[in-house]
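# Close look at the chain arrangement
These are the residues of each chain, in order.
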Amino acid sequence: MTNGLAVKGIKRRDCCLWIAGFIFTLGAIFSGCGDHEPTDEELLAGAKKVAVNYCGRCHEAPDASLLDSATWDKHILPTMGQKLGMRPFMDQYIAGPDAALSLADWTKILVYYRYASPKKLKIPKPDAVLDSAIFTVSRPVQVDRKHGEAMTTMVAFNPIDKHFYTGDAGNKLYRWNSDLSSTLIKTFHSPVTDASFYQSATEPNSAVITCIGILPPNDELKGSLLHINLSKSSKDTVLLKDSLPRPVKTAVADFNKDGLIDYVTCGFGRERGGLFLIEQQPDHRFKKKIIRAIPGPEIVYTGDYNGDGWPDIVCMFAQADEGIWLFLNDKKGGFITKNIMRFPPVYGSSSFQLVDFNHDGKPDILYTCGDNNDYSPVFKPYHGVYIFTNQGNWKFKQTYFYHINGCSKAIATDFDKDGDLDLAVIAFFPDYKYHPTEGFTYHEQVAPGKFKVHEVPVNKLGRWISMDVNDIDGDGDTDIVLGNFSVGAQGLMNQKDYKPDWDLYEPIIVLKNKTITR
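Residues numbered from 1 in each chain as written. Predicted model: local features only at pLDDT ≥ 70, side-chain atom pairs only at ≥ 80, totals over all residues. Heavy atoms only, no water.

In the annotation of an unreviewed UniProt entry, the chain is listed under the name VCBS repeat protein and assigned to Mucilaginibacter oryzae.

If you want it as structure tokens, here you go:
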């Protein structure tokens with residue numbers, strides 16, 4: 001044969017003997033064959049059916065082609081087996097007392113992912129120009145190079161006071177002026193991961209701060225939401241809600257239309273977490289309600305997405321069951337859940353933005369995937385930036401993809417002021433060894449849906465984990481702030497033999513737009 005298992009240099013007889021030796025009889029695994037000896041294609045088709053059945057119960061079942069066979073065998077399958085109650089034994093498995101499936105079915109899953117996967121993934125070659133495009137680099141006025149490395153956790157522009165703010169792993173919140181000098185605003189109990197700015201009649205400049213609790217992956221209920229009045233010199237804070245599972249992002253709306261502001265927050269967690277409604281009560285206390293009790297919510301937006309006058313929610317989940325969900329306000333204190341996009345758990349979803357690229361009045365989706373620090377830290381051909389165009393009724397079609405290893409975030413805006421949307425894209429897990437300049441790319445839209453990609457060589461200045469865009473210097477065009485989380489040599493690198501060569505101390509840089517206003 002020249003297909004199926006034989007294509008990979010594995011004789012069909014050897015595969016069958018391996019299966020038979022594992023649970024004694026081939027017929028116990030592939031039952032129903034009668035006297036017919038199954039072909040390679042039949043073996044793999046049956047194995048795939050079982051894999052899709054079991055894996056698809058918790059998330060979109062990944063195709064075997066998404067990872068190389070060694071990664072499946074050494075990393076993913078042992079982890080998957082543990083979650084399903086399968087115990088490793090002498091390079092094989094036995095079913096534990098709490099097993100979620102039979103040993104026969106688990107063996108079929110092993111067969112599918114081991115033998116239907118490629119030996120090596122084919123990574124697309126870059127198609128970009130190396131230049132600074134329309135940007136010049138500005139760096140902080142002063143940098144502390146004696147008291148620890150830069151670990152920026154948030155960059156956020158405040159449209160009220162026209163300054164941008166940063167948070168760091170030292171629990172500090174800074175405000176930055178246009179000359180890139182910083183002022184310490186507050187030290188919180190844990191790192192700041194998000195800030196939502198607003199103003200009212202009594203508070204001209206305030207923010208709701210999201211504090212993650214413990215920064216590395218965990219399920220501790222240490223996160224919180226706090227209010228801070230930025231217009232007061234005392235910078236006192238008011239606790240809105242604590243005991244949250246590693247919250248990373250918060251959005252604001254009056255969901256029940258009672259005149260009181262509510263919040264929806266992403267409790268990313270690790271094995272446990274969820275999307276939560278933090279509802280303000282008449283006595284101004286806050287009550288936590290579960291919207292979706294699944295770990296991994298990471299990006300959330302609010303808006304009236306069905307035109308009924310009530311605020312709804314769109315949220316991306318990036319842990320295990322990856323995808324984008326729409327939560328329509330039922331006007332009774334709850335939400336109607338609708339999945340609009342779903343991705344396999346190996347994608348590593350990292351960001352999304354709702355934006356109308358083709359000006360047809362329907363929101364399209366700008367999406368990135370590239371989180372690459374879990375069980376499959378290999379470069380993947382599907383990592384990068386995508387545009388999904390709205391076809392109507394929240395159905396989407398992929399209309400753009402550009403491969404970027406370890407892609408982390410993308411923001412769409414008209415940087416060159418020519419009337420269409422361009423993209424700024426960062427990658428936290430790029431190919432630092434052979435292709436470090438993919439860490440920041442500028443995608444210039446040169447025709448409808450067509451982009452010219454510029455790799456802007458700022459890789460020596462930091463490792464970019466956060467980004468925001470706005471007119472930082474007040475000259476009428478859009479600039480970019482990049483946040484440097486410089487630590488990564490021990491555990492946040494998928495190229496273990498690579499020694500970081502970027503600046504370890506500068507917390508941010510600004511890419512100032514030099515476009516001449518037309």
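Structure's up, so let's keep going.
### With respect to the domain arrangement of the chain
To be explicit about the condition: Where a domain begins and ends is set by an automatic assignment or by a domain database. Here, two residues are considered to be in contact whenever any of their heavy atoms come within 4.5 Å of each other. In short, buried area is how much 1.4 Å probe accessible area vanishes from two parts on joining, totalled over both. Definition used for salt bridges: Asp or Glu carboxyl oxygen within 4 Å of a side-chain nitrogen of Lys or Arg. Polar contact criterion, stated in full: a pair of N or O atoms within 3.5 Å, where within protein one must be able to donate a hydrogen and the other to accept it, and residues adjacent in sequence count only if both atoms are side-chain atoms. Numbering of helices and strands runs from the N terminus; a helix is a DSSP stretch of H or I covering at least four residues, while a strand is a stretch of E covering at least two. Note on residue categories: nonpolar means Ala, Val, Leu, Ile, Met, Phe, Trp, Tyr, Cys or Pro, charged means Asp, Glu, Lys or Arg, and polar means any other residue, Gly included.
Split by domain assignment, the chain resolves into domain 1 (43-120), domain 2 (129-180 + 348-517) and domain 3 (188-342). The partner domain 3 presents 31 residues to the 28 residues of domain 2 that form the contact. A combined buried area of about 2,500 Å² lies between domain 2 and domain 3, and 67% of that area is made up of carbon and sulfur atoms. Broken down residue by residue, the surface that domain 2 buries against domain 3 is led by Asn171, Phe352 and Trp394, which jointly contribute 29%. Across the contact surface, domain 2 and domain 3 share zero salt bridges. Applying the counting criterion to the domain 2 and domain 3 interface returns eight residue pairs in polar contact (both at pLDDT 80 or more). Elements supplying a minimum of two residues to the side of domain 2 that touches domain 3: strand E5 (152-158), strand E6 (163-168), strand E21 (349-355) and strand E22 (364-369). Per element, the largest residue contribution to the side of domain 2 that touches domain 3 is six residues, and it comes from E21. Taken together, the residues of the side of domain 2 that touches domain 3 break down into 16 nonpolar, 10 polar and two charged.

### Some thoughts on the packing of helix H5 (residues 69-83) against helix H6 (residues 103-115)
Applicable threshold: Fitted lines through C-alpha atoms serve as axes, helices being fitted only where they are in contact, and the angles separating the N-to-C directions of these axes extend from 0 to 180 degrees. For classification purposes, an angle smaller than 35 degrees is called roughly parallel, one larger than 145 roughly antiparallel, one from 65 to 115 roughly perpendicular, and anything else oblique. By the definition used in this description, the sense in which the near helix is turned from the far one sets the handedness, with an anticlockwise turn below a right angle giving left-handed and a clockwise turn giving right-handed.
Where H5 contacts H6, the two axes come as close as 9 Å, and the packing angle between them is 155°. Classified by the angle their axes make, H5 and H6 are roughly antiparallel. Between H5 and H6 lies a crossing of right-handed hand. In contact with Ser69, Trp72, Asp73, Leu77, Met80 and Gly81 of H5, H6 contributes Trp106, Ile109, Leu110, Tyr113 and Arg114. Across the contact of H5 with H6, the residue classes tally to seven nonpolar, two polar and two charged.

### As for the nonpolar core
Applicable threshold: Take the buried residues of types Ala, Val, Leu, Ile, Met, Phe, Trp, Tyr and Cys, join any two whose side-chain atoms come within 4.5 Å, and each joined set is a nonpolar core. Only protein chains enter the area calculation, which uses a 1.4 Å probe; residues under 20% of their type maximum are buried, those over 50% are exposed, and those in between are partly exposed.
Residues Trp106, Ile109, Leu275, Ile313 and Ile365 are the most contacted members of the largest nonpolar core, which totals 64 residues. Ranked by the residues each element gives to this core, the list is headed by H6, at seven residues. Membership of the second largest hydrophobic core comes to 18 residues, among which are Ala424, Phe440, Val458 and Leu461.

### Observations regarding helix H4 (residues 40-55)
So the rule is basically this: A helix's residues, less one, multiplied by 1.5 Å, set its expected span. By definition, the arc is the one covered by directions from the helix axis to the C-beta atoms.
A rise of 1.5 Å per residue sets the reference length of H4, with its 16 residues, at 22 Å; its end C-alpha atoms lie 22 Å apart and thus fit the reference within 8%. Those residues of H4 lying buried are Asp40, Leu43, Leu44, Ala47, Val50, Ala51, Tyr54 and Cys55. Within H4, the buried residues cover an arc of 125° as seen down the axis, which keeps them to one side.

### Describing the state of the cysteines
We apply this condition: When the sulfur atoms of two cysteines come within 2.5 Å, that pair is taken as a disulfide.
Following the criterion strictly, the structure yields zero disulfides and no others. As a non-bridged cysteine, Cys55 has Cys58 as the owner of its nearest cysteine sulfur, 8.5 Å distant. Between Cys407, a cysteine without a disulfide, and Cys369, which holds the nearest cysteine sulfur, the sulfur-to-sulfur distance is 7.3 Å.

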